[in-house]
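Breakdown of the fold
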Amino acid sequence: MNEELQHSLKALIRTIPDFPKPGIQFRDITTLFQDPWGFKRAVDELVAHYRYAPIDKVVAIESRGFVIGGALANYLNCGMVMARKKGKLPFQVERQEYQLEYGTDCIELHRDALVSGDRCLVVDDLLATGGTCEATCKLVERLAGRVVGCAFIIELPELKGRRRLAQYDVKALIRFDGE
Ligand code: AMP
């Protein structure tokens, strides 16, 4: 992706200082989603990257990942699976806990969401420490799926999520580095 396009997409993301707690620079992607050009252009970039990749399912992470994952799955002609926070999925689930700065969180997939050997693209809006995506990848593998890649719109390189996801192919469109 050329620098001018990266710059234009980045300009559509709003930064909210100290949300949800002091010290966090929240990268608010709702302003990109609500811009017709920006949303389409960001999705088109990911579609172009994965168009020829063998993908059976997009596994989208709650909640902003659903927006990107739904559009992507539609373009790539594959199924869409929702990775949800605890207690939201109505059928039997597989669950994976992961570490937060303070305490733990967990992510769930329906047990029948994948068939053995499904090639999965895991999608979220933003890669920070990589904990959420790593937990989702573990769930995919526990359900006998294969992670073919992890896709994000935004990456925060200083939090080293890419290192945590070193065994996977990671794609992010834009970066916020100490800004
Ligand atoms: P992590 O597991 O640390 O990679 O965090 C990724 C998840 O938390 C994603 O679902 C993001 O939407 C959310 N997130 C983490 N940090 C931020 C941030 N600075 N701005 C917006 N969302 C964030």
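Residues numbered from 1 in each chain as written. Predicted model: local features only at pLDDT ≥ 70, side-chain atom pairs only at ≥ 80, totals over all residues. Heavy atoms only, no water.

1. Brief notes about the packing of aromatic side chains
The full count for this structure, using the stated rule, is two aromatic pairs. Residues F19 and F26 carry aromatic rings whose centres are separated by 5.2 Å and whose planes lie at 85 degrees to one another, so their mutual orientation is edge-to-face. F26 gets classed as partly exposed once you look at its relative accessible area, which sits at 21%. With centroids separated by 5.4 Å and ring planes inclined at 65 degrees, the aromatic side chains of F33 and F39 adopt a geometry described as edge-to-face. Positioned over the ring face of F176 is K10, at 4.9 Å from the centre of the ring. (Phe/Tyr/Trp six-rings, centres within 6.5 Å; stacked < 30°, edge-to-face > 60°. Buried < 20%, exposed > 50% of the residue type's maximum accessible area, 1.4 Å probe, protein only. Lys NZ or Arg CZ within 6 Å of the ring centre and 35° of its normal.)

2. Here's the deal with the packing of helix α1 (residues 3-11) against helix α3 (residues 36-50)
Two numbers describe how α1 lies on α3: the axes approach to 10 Å, and their chain directions differ by 130 degrees. One way to sum up the angle between α1 and α3 is to call them oblique. In the crossing of α1 with α3, the sense of the turn from one axis to the other is left-handed. Contacts from L5, S8 and L9 in α1 reach W37, G38, R41, A42 and E45 in α3. In terms of residue class, the contact of α1 with α3 is built from four nonpolar, two polar and two charged. (Axes fitted to C-alpha atoms, helices over the stretch in contact; angles between N-to-C directions. Helix = DSSP H or I, 4+ residues; strand = E, 2+ residues; numbered from the N terminus. Parallel < 35°, antiparallel > 145°, perpendicular 65-115°, else oblique. Left-handed = near helix turned anticlockwise from the far one by under 90°. Contact = heavy atoms within 4.5 Å. Nonpolar A, V, L, I, M, F, W, Y, C, P; charged D, E, K, R; others polar.)

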